[in-house]
Amino acid sequence: MLITRPDYYEDFECIADKCEDTCCAGWQIVIDKETLKKYIKIKGDFKKEIFKKVNWFQGTFKQDKSKRCAFLNDKNLCDLYLNQGEDGFCKTCREYPRHTEEFEGIREITLSVSCPEVARILMNRMEPVQFISEEQEGEEEFEDFDPFLYSILEDARKEMITILQNRNLTISDRILLVLGMSHDMQGRMNRQEMFACSDVIAKYTTQRALQFVKDYQMKVKNKGEMAFAHIMFKHLFELELLREEWGILLKETEDLLYQDEEAYDKNKEEFQNYLANAETSSNISIHLEQLLVYFLFTYFPGAVYDGEIYAKVQLAVYCVWMIWEIWMARWIKNEKSLDLEEMTELVYRFSREVEHSDLNLRKVEEILSKKWFLT
Ligand code: SF4
C-alpha cells in the first residue's frame, strides 16, 4: 500500500484547550459502529456518562444548546479522552483533522484546513509543499477502479502542482494554465481519447501555452468581473448551513462587495496592492499557491470515480477565489486592513462550511461541472 502525505504532516499537533474554535463543537459527530459496541462494554462510574451523552438512536454524541459536544468540559477538554484515553475516541475524533482519500492500493492523507492549527501551519508556510510517499504493508483490490485513468490523473496532478509552485509566473498565469490543462483533458475524456492526455499535459508546460493564457487575460480583462464573481459567490448561499454565523458572514460579504461595479474594481485593485505590500501578509501569491495546491491535491484524483476532471480543478480554484473575496470583504470592513491571523481564521471557517459537509462538496462540484470558468 502506498501512503502519501504532505511534508508538514508531522508538524501538526492538536492544541486542545488552547484551540480558538474547537472541532468538538458546531457540527454533529457520528460515532462508528465499532466504537458504539466498545462504549456498550464500558464498565464502572463512567458507564452512566456514556449512556447519558450518546444519542444511541442516531449514533452521535449529544450536544448542548450551543452545539458543543456533551463530553467537552468547561476547560474545553474532552472528558471521554480524560477518562478512557485515546481508546475512548470514535474514528472521527481519532482521525480529525486527517483526511483520507482511498484508491486501489493507495491512501492519500492530508490535514484539513478546517482545523485552525492546520490552517495556521499552511498560511505560515513559505516553502513549496512537497508530498512524501512510502510503502506500507497491505494490498487490496477495488471494484470498478481504473488504474490507467488514475495514473494519468496522477501525472497531470504532478505537473499541475509544478505549475502552481512555479514562482516565476504570476498566480493568474498559473491558475489559467492548470484550468486550461484540465479543460483540454476533460475534452479528451469525453471523446474517450485518454491516451492523448500525455500530449495535453506536455502542451501546458510550453512557452506557447503561457503566451496563450497571457493573451487570454488581456482579452477578458475587466469584462464583467463583479457580475461573474457575484454569480459564483451566490452559490455559497445554496449550501447547507452548518453554523449560523457563517450565513451572517456571507450576507455581510455580499453587501460589502457586490453593490457597484466601479467600486468593486477599485477595491480589488487596492486590495491587491495592500496585500502585496502588507508586511504581515507576507507574500500573498504564496498563500494562494499553498491553498490551491491543498485543494487540488485533495480532490483532483477523485476524478477517477466520476470522470469530472475539469470540475475538480475548478473546485480548487473556486474555493481559493471565494476565500479571496471573503478576505477582501473583511479588509473593507476593517477599514482597509487585514492581518494574517484574520486571513487564517477565514480559511478554516470557509473549509468547515464547504469541505465538511459531503452534501456541500457534492453541490459545489455539481455546479462547477455545469459552469465552465474558461469560455
Ligand atoms: S480544531 Fe484542530 S487544534 Fe482545534 S481541537 Fe480540533 S484538532 Fe485540535
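Scroll up to find the structure.
Residues numbered from 1 in each chain as written. Predicted model: local features only at pLDDT ≥ 70, side-chain atom pairs only at ≥ 80, totals over all residues. Heavy atoms only, no water.

## Describing the overall build of the protein
Thought 1: Helices and strands together make up the secondary structure of the protein, namely 17 helices and six strands.
Thought 2: For the protein, whose C-alpha radius of gyration is 22 Å, the value lies close to the compact-globule estimate of 21 Å for 375 residues.
Thought 3: Dimensions along the principal axes, computed over C-alpha positions, put the protein at roughly 70 × 55 × 35 Å.
Thought 4: Buried positions account for 51% of the 375 residues belonging to the protein. (Helix = DSSP H or I, 4+ residues; strand = E, 2+ residues; numbered from the N terminus. Rg over C-alpha atoms; globule rule 2.2 N^0.38 Å. Buried < 20%, exposed > 50% of the residue type's maximum accessible area, 1.4 Å probe, protein only.)

## Some thoughts on the site of the ligand
Thought 1: In the neighbourhood of the ligand, the contacting residues comprise Cys14, Ile15, Cys19, Asp21, Thr22, Cys23, Tyr96, Cys115, Pro116, Glu117 and Arg352.
Thought 2: Across the shell around the ligand, the residue classes tally to seven nonpolar, one polar and three charged. (Near = heavy atom within 4 Å. Nonpolar A, V, L, I, M, F, W, Y, C, P; charged D, E, K, R; others polar.)

## As for the packing of aromatic side chains
Thought 1: Evaluation of the coordinates by the stated rule reveals 23 aromatic pairs.
Thought 2: Consider the rings of Phe103 and Phe145, whose centres lie 6.4 Å apart with planes at 50°: the pair is tilted. Here the residue Phe103 occupies a position in strand β4 (residues 98–103), and Phe145 occupies one in the loop between β6 (131–135) and α6 (147–164), the gap between them amounting to 42 residues.
Thought 3: By relative accessible area, which is 0% here, Phe103 ends up buried.
Thought 4: Accessibility expressed as a relative area gives 11% for Phe145, which makes it buried. (Phe/Tyr/Trp six-rings, centres within 6.5 Å; stacked < 30°, edge-to-face > 60°.)

## What to know about the packing of helix α10 (residues 225–234) against helix α12 (residues 261–277)
Thought 1: Across the interface, α10 lies against α12 with an axial gap of 9 Å and an inter-helix angle of 90°. Put simply, α10 runs roughly perpendicular to α12. Of the residues in α12, those in contact with Glu225, Met226 and Ala229 of α10 are Glu261, Tyr264 and Lys268.
Thought 2: Looking at the contact of α10 with α12, its residues break down into three nonpolar, no polar and three charged. (Axes fitted to C-alpha atoms, helices over the stretch in contact; angles between N-to-C directions. Parallel < 35°, antiparallel > 145°, perpendicular 65-115°, else oblique. Contact = heavy atoms within 4.5 Å.)

## Observations regarding unusual backbone geometry
Thought 1: Pro97 follows Tyr96 through a cis peptide bond whose omega is 5°.
Thought 2: The residue Pro97 is located in the loop between α4 (91–95) and β4 in this model.
Thought 3: Positive phi is not limited to glycine here, since Lys67 has a value of about 65°.
Thought 4: Note that Lys67 resides in the loop between β3 (60–61) and α3 (79–84).
Thought 5: Even without a glycine there, the phi angle at Lys336 is positive, about 65°.
Thought 6: Along the chain, the position of Lys336 falls in the loop between α15 (309–333) and α16 (340–354).

## Focus: the sheet that holds strand β1 (residues 2–6)
Thought 1: Reading across the sheet, the four strands line up as β4-β5-β1-β6 and stay open at both edges, with mixed pairing between neighbours. The open sheet has two edge strands with one neighbour each: β4 and β6. Pairs of neighbouring strands in the sheet enclose a mean axial angle of 20°, with direction left out of account.
Thought 2: Strand direction decides the pairing type here: β1 and strand β5 (residues 106–111), joined by three bridges, are parallel. (Pairing = 2+ DSSP bridges.)

## Some words on the pairing of β1
Thought 1: Among the five residues that make up β1, four are buried, leaving the element largely enclosed by the rest of the structure.
Thought 2: The pairing of β1 with β6 spans five bridges and is classified as antiparallel. Across the sheet, Thr4 pairs through a bridge with Ser133, a residue of β6.

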